[in-house]
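If you want the building blocks of each chain, they are given just below.
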Amino acid sequence: MRACRAGPGRAAQPLFTFQLPNVLANITLFFGTLAVAFVFAWRLALAGLPFTLLFVVPSVYLGKRMAAAAGQARAAYEEAGGVAEQAVSSIRTVASYRGERRELERFGRALARSTALGIKQGLIKGVVVGSMGVIYAVWSFMSWIGSVLVIRFHAQGGHVFVASICIVLAGM
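(A) Highlighting empty space enclosed by the protein. Scanning the entire structure with this criterion turns up one cavity of 30 Å³ or more. Empty space within the largest cavity amounts to approximately 30 Å³. Residue lining of the largest cavity: L54, F55, P58, S59, S131 and M132, and that is the complete set. Looking at which element gives the most residues to the lining of the largest cavity, the answer is helix 3 (residues 53-89), with four residues.

(B) Fine view of the pattern of salt bridges. All chains considered together, the criterion is met by one salt bridge. Notably, a salt bridge pairs E79 with R113, separated by 3.7 Å at the nearest N-O pair. One end of the pair, E79, is in helix 3; the other, R113, is in helix 5 (residues 100-131), with 34 residues separating them in the sequence. Given the relative accessible area of 44%, E79 is considered partly exposed. Given the relative accessible area of 39%, R113 is considered partly exposed.

(C) Quick look at unusual backbone geometry. One non-glycine residue, H154, adopts positive backbone phi at about 55°. Overall, H154 belongs to the exposed group, its relative accessible area being 66%.

(D) Layout of helix 6 (residues 134-152). Between the first and last C-alpha of helix 6 there are 27 Å, a value that for 19 residues agrees with the 27 Å anticipated at 1.5 Å per step. Of all the residues in helix 6, the buried ones are I135, V138, M142, I145, G146 and L149. Burial along helix 6 is one-sided: seen end-on, the buried residues are contained in an arc of 105°. Pointing more than 90 degrees away from the buried face of helix 6 are the exposed residues Y136, W144, I151 and R152.

(E) A look at the layout of surface pockets. Size it by volume and the largest pocket reaches roughly 390 Å³. In terms of lining, the largest pocket is formed by 13 residues, of which the most central are N26, V56, S59, V60 and M172. Secondary-structure elements contributing two or more residues to the lining of the largest pocket are helix 1 (8-40), helix 3 and helix 7 (157-171). With five residues, the single largest contributor to the lining of the largest pocket is helix 3. Of the residues assigned to the lining of the largest pocket, the class counts are 10 nonpolar, three polar and no charged.

Conventions we followed
- Residues numbered from 1 in each chain as written.
- Predicted model: local features only at pLDDT ≥ 70, side-chain atom pairs only at ≥ 80, totals over all residues.
- Heavy atoms only, no water.
- 1 Å grid on protein atoms, 1.4 Å probe; cavity = no way out; pocket = protein on both sides within 12 Å on 5 of 7 lines; lining within 4 Å.
- Points joined across faces, edges and corners; volume = space filled by probe spheres on them.
- Helix = DSSP H or I, 4+ residues; strand = E, 2+ residues; numbered from the N terminus.
- Salt bridge = Lys/Arg side-chain N within 4 Å of Asp/Glu carboxyl O.
- Buried < 20%, exposed > 50% of the residue type's maximum accessible area, 1.4 Å probe, protein only.
- Expected span 1.5 Å × (residues − 1).
- Arc of directions from axis to C-beta.
- Nonpolar A, V, L, I, M, F, W, Y, C, P; charged D, E, K, R; others polar.

Dropping the structure here:
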């Protein structure tokens with residue numbers, strides 16, 4: 001028979017099972033791709049390094065905003081669920097005192113907050129998707145600098161292409 005354990009070990013389990021591997025994979029991807037870019041075309045990597053911040057900073061900021069909005073939406077849905085549960089569990093009392101309309105209004109007010117938070121989440125997701133257009137601007141800059149490196153500095157085109165891809169991947 002398994003005993004139910006509650007304590008710091010249980011609280012840290014999601015950190016070690018989900019978040020820590022993702023963080024380690026993203027850090028390894030970032031530094032690994034930048035290392036490959038510097039090995040293949042250091043001039044291009046040096047020119048493109050600041051553009052990785054155009055991907056990283058909005059992602060972190062909007063990710064935090066999205067997590068906060070999701071937590072608030074969860075709380076709002078729980079509140080609406082509590083109103084519905086109370087009304088259904090005491091349906092005879094509600095019906096005998098003709099309180100259906102009052103309960104519907106109470107439930108509607110509880111859902112209005114969750115609706116507003118859902119719209120907020122949708123706007124944040126839209127900004128995230130829209131900010132991905134920066135990838136095209138960075139890719140065009142990398143192509144321009146890469147063509148200058150190939151024409152004037154006689155860099156190899158394949159190395160420039162791989163370095164460009166690595167810089168874009170490092171930012172994502």
